[in-house]
Amino acid sequence: MISLDLRNAKLNEDLSSWQEKVTKAHHDLREKTGAGNDFLGWVDWPVNYDKEEFERILALKKRMEGKYDTVLVCGIGGSYLGARAALEMIKGLYPDDGVEVIFVGNTFSHTYLTQVLNHIKDKEVVLNVISKSGTTTETSVSFRIFKQFMEEKYGAEAKERIYATTDKARGTLKELADAEGYETFVIPDNIGGRYSVFTAVGLLPLALANVDIEALMKGSYDAYKELDTADLDKNPAYQYAVARRILDNMGYKAEYFVTYHLQLTMIAEWWKQLFGESEGKDGKGILPTSACFTTDLHSLGQFIQEGSKTEFETIFYIDDMSDDIVFPSDDKDLDHMNYLAGKKLSWVSEMAFEGTLSAHSDDGNNPNMVIHLKDNSAYSFGYMIYFFFIACGMTCYLLDINPFNQPGVEVYKKKMFKLLGKN
Ligand code: PA5
């Protein structure tokens, strides 16, 4: 399902010299004995997930079928990125099934929120608010605005159309949801935001958006089984984790996550949050950044080719993307493009990938790794997410970092609250 190509990684060490450390960290992850172990619930979630709640998600979707054309998802960070990444990867940027998903709660931008309010005024809307803490300011601000919109539009029926995903028992959002009579879904105590896409955090919006969440969970399950080995020869997730550590030690302090399709840029955003929030602590970590080729070869390409040599590339390459176009022939050939006539655009993209790899690796001397994923199905998405979860846990443990907290995020909040006059 996933393979890792390290031929151009330019590592100065054999992966095998890390085997002993990997074996220990694998044990710490799987047996939940490592740092932050009270947040390792995601490890077994593909088998232990709440089946009753899963059925409730499917039932809700069925009950509301035909009653909405717009899904508003209100959340930020781990309560937002996974669902959006999935949606765009699996369904593309302009799905034609009559359901539009709009994300709010991830910004204070008054212009954006005003535009959303205008855009949805004549739509049939359902609203899913998602917050583990139940108190995140960006989410709470948006939620109050869109809750009022729903109440004005639907009156008493609004409560049938608003769903809250939050802590099972505690917090402001849970109390509000119970008081208003909203159906609630749970973010388990032992799963942190950025590891929560397989819970209702991801599954409810995705089900409402017609994504096959059963296939998605099957993908996560197969990854859970197949990647349950400490043997570095057999585990591409751990190979990736170790290769990052070797490159870090060699002085490469930034990692470009490179995609080749615009509908994968949110996967890159999700990946940046996963690795950035998990690894960037104690003055350590690799800066996670991203680029979408060939688009960004016309902006960042110059720097990557000839700029300072502190970064490596991890190319996330999907071998078989759905949809394709055969490039048309033109009798006049005024644009001199007939040399591509009859070729598929997927082939053009593949040649661009190979040419760029060679330019950056051979001429630019940049280390490159390529992660190949079979296709952009819901199943593959589920598999890929688990791959990155376990790779991230491993690479952080190898760096002696607790991947499951984010103490640094609180600093801006404190300063902002003071300015906002929050007690
Ligand atoms: O990964 C994390 O824990 C964070 O990015 C959170 O998901 C984010 O801050 C949103 O938090 P909450 O779900 O409590 O609103």
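Scope of this entry: the structure provided in the associated data block. A quick note: this is a predicted structure, and the numbers were derived from the prediction, not measured.

About the thresholds
- Going along each chain's sequence as written, the residues are numbered from 1 onward.
- Selection of residues for local features in this predicted model requires a pLDDT of at least 70, selection of side-chain atom pairs for listing and counting requires 80 or more, and totals for whole chains, interfaces and linings are taken over all residues.
- As a rule here, side-chain values cover all heavy atoms of the structure and leave hydrogens and water aside.
- By definition here, a salt bridge exists when the distance from a side-chain nitrogen of Lys or Arg to a carboxyl oxygen of Asp or Glu is within 4 Å.
- In DSSP terms, a helix is any run of H or I states spanning at least four residues, a strand is any run of E spanning at least two, and both are numbered starting from the N terminus.
- Each residue is assigned to one of three classes by its accessible area relative to the maximum for its type, calculated with a 1.4 Å probe on protein chains only: buried under 20%, partly exposed between the two thresholds, exposed over 50%.
- Any two strands with at least two DSSP bridges between them are considered paired.
- Helix axes are fitted to C-alpha atoms over the stretch in contact, other axes to C-alpha atoms as well, and angles between N-to-C directions run from 0 to 180 degrees.
- Residues are treated as being in contact if the distance between any of their heavy atoms lies within 4.5 Å.
- The scheme is simple: roughly parallel for angles under 35 degrees, roughly antiparallel for over 145, roughly perpendicular for 65 to 115, oblique for anything else.
- Classification used: nonpolar for Ala, Val, Leu, Ile, Met, Phe, Trp, Tyr, Cys and Pro, charged for Asp, Glu, Lys and Arg, polar for all others including Gly.
- Here the expected span of a helix is defined as 1.5 Å times the quantity of residues minus one.
- This arc corresponds to the set of directions leading from the helix axis out to the C-beta atoms.
- The criterion for an aromatic pair is that two Phe, Tyr or Trp rings (for Trp, the six-membered ring) have centres within 6.5 Å, with stacked assigned to planes under 30 degrees apart, edge-to-face to planes over 60 apart and tilted to the rest.
- Patches were defined on residues exceeding 30% relative accessible area and lacking a salt bridge, with like-charge contacts within 9 Å and nonpolar side-chain contacts (Val, Leu, Ile, Met, Phe, Trp, Tyr) within 5 Å.
- Surface accessibility follows the Shrake-Rupley procedure with a 1.4 Å probe radius. Residue values consider only the protein chains on display as shielding.
- Working convention for charge: Lys and Arg count positive, Asp and Glu count negative, and His plus the chain ends are omitted.
- For the purpose of locating charges, the reference atoms are NZ of Lys, CZ of Arg, CG of Asp and CD of Glu.
- We call a residue near a given molecule or strand whenever any one of its heavy atoms falls within 4 Å of it.
- Polar contact criterion, stated in full: a pair of N or O atoms within 3.5 Å, where within protein one must be able to donate a hydrogen and the other to accept it, and residues adjacent in sequence count only if both atoms are side-chain atoms.

Topic: the pattern of salt bridges
Move 1: By the definition in use, this model includes 30 salt bridges.
Move 2: With its nearest N and O atoms 2.8 Å apart, the salt bridge here joins Lys 147 to Glu 180. Taken together, the residues Lys 147 in helix α6 (residues 137–154) and Glu 180 in helix α8 (residues 172–180) connect sequence positions 33 residues apart.
Move 3: In this structure Lys 147 comes out as buried when scored by relative accessible area, which is 14%.
Move 4: Relative accessible area serves as the criterion here: at 33%, Glu 180 is assigned to the partly exposed category.
Move 5: For Glu 269, the salt bridge goes to Lys 272, with nearest N and O atoms at 3.0 Å.

A look at the sheet that holds strand β4 (residues 125–130)
Move 1: The strand order across the open sheet formed by five strands is β3-β2-β4-β5-β6, and the pairing between neighbours is parallel. Lying at the two open borders of the sheet, with one neighbouring strand each, are β3 (100–104) and β6 (183–186). Ignoring strand direction, the axes of neighbouring strands in this sheet form an average angle of 20°.
Move 2: Relative to the sheet, α6 contacts β2 (70–74), β3, β4 and β5 (162–166), its axis offset from that of β4 by approximately 155°.

Notes on the packing of α6 against α8
When two helices pack together, their arrangement is given by the angle between the helix axes and by the axis-to-axis distance.
Move 1: Across the interface, α6 lies against α8 with an axial gap of 14 Å and an inter-helix angle of 10°. The orientation of α6 with respect to α8, classified from their angle, is roughly parallel. Each of Phe 143, Lys 147 and Glu 151 in α6 lies in contact with α8, whose residues at this interface are Leu 173, Leu 176 and Glu 180.
Move 2: Split by residue class, the contact of α6 with α8 holds three nonpolar, no polar and three charged.

Overview of helix α14 (residues 345–363)
Move 1: With 19 residues, α14 extends 26 Å between its outermost C-alpha atoms, agreeing within 8% with the 27 Å of an ideal straight helix rising 1.5 Å per residue.
Move 2: Where α14 is concerned, the buried positions are Ser 349, Phe 353, Thr 356, Leu 357, His 360 and Ser 361. Taken down its axis, α14 places every buried residue within 110° of arc, on the same side. Turned more than 90 degrees from where α14 packs its buried face, Asp 362 and Asp 363 sit exposed.

A look at the sheet that holds strand β9 (residues 311–320)
Move 1: If you walk across this open sheet you meet the five strands as β1-β10-β9-β7-β8, and the pairing is mixed. Because the sheet does not close on itself, it has two edges, and the strands there are β1 (2–5) and β8 (287–292). Between one strand axis and the next, the sheet turns through 20° on average, direction left out of account.
Move 2: Looking at chain direction, β1 and strand β10 (residues 368–375) are connected through four bridges and run antiparallel. Bridge pairing in β10 links Ile 2 to Leu 373.
Move 3: Contacting β1, β7 (254–259), β9 and β10, helix α15 (residues 378–398) runs over the sheet at an angle of about 150° to β10.

Topic: the packing of aromatic side chains
Move 1: With the rule as written, the count across this model stands at 29 aromatic pairs.
Move 2: Plain terms: the ring middles of Trp 42 and Phe 404 are 6.1 Å apart, the flat faces sit at 55° to each other, and that makes the pair tilted. Taken together, the residues span a long stretch of sequence, with Trp 42 in the loop between α1 (19–30) and α2 (45–48) and Phe 404 in the loop between α15 and α16 (409–420) at a distance of 362 residues. For the pair Trp 42 and Phe 404, one class covers both residues: buried.
Move 3: Taken together, a centroid distance of 5.2 Å and an interplanar angle of 40° make the contact between Tyr 195 and Phe 389 tilted. Residue Tyr 195 is located in the loop between β6 and α9 (200–208), and its partner Phe 389 is located in helix α15; the two are separated by 194 residues in the primary sequence.

Here we look at a negative patch on the surface
Move 1: Among the surface-exposed residues, Asp 319, Asp 320, Asp 323, Asp 324, Glu 350 and Glu 354 lie close enough to one another that they form a single negatively charged patch.
Move 2: Counting only elements with at least two residues in the negative patch, the list comes to β9 and α14.
Move 3: Topologically, Glu 350 is positioned in helix α14.
Move 4: We classify Glu 350 as partly exposed; its relative accessible area is 34%.

Describing the site of the ligand
Move 1: Residues in close proximity to the ligand total 13 residues, the closest being Ser 79, Ser 131, Ser 133, Thr 136 and Gln 273.
Move 2: In this structure, an oxygen atom belonging to the ligand sits 2.9 Å away from a main-chain N or O atom of Gly 78.
Move 3: Lys 132 is positioned such that a nitrogen or oxygen atom in its backbone is 2.7 Å from an oxygen atom of the ligand.
Move 4: Burial of the ligand by the protein chains amounts to 88% of its free accessible area of 390 Å².
Move 5: Grouping the constituent residues of the shell around the ligand by class yields one nonpolar, nine polar and three charged.

Coordinates in, geometry out; function isn't part of it.
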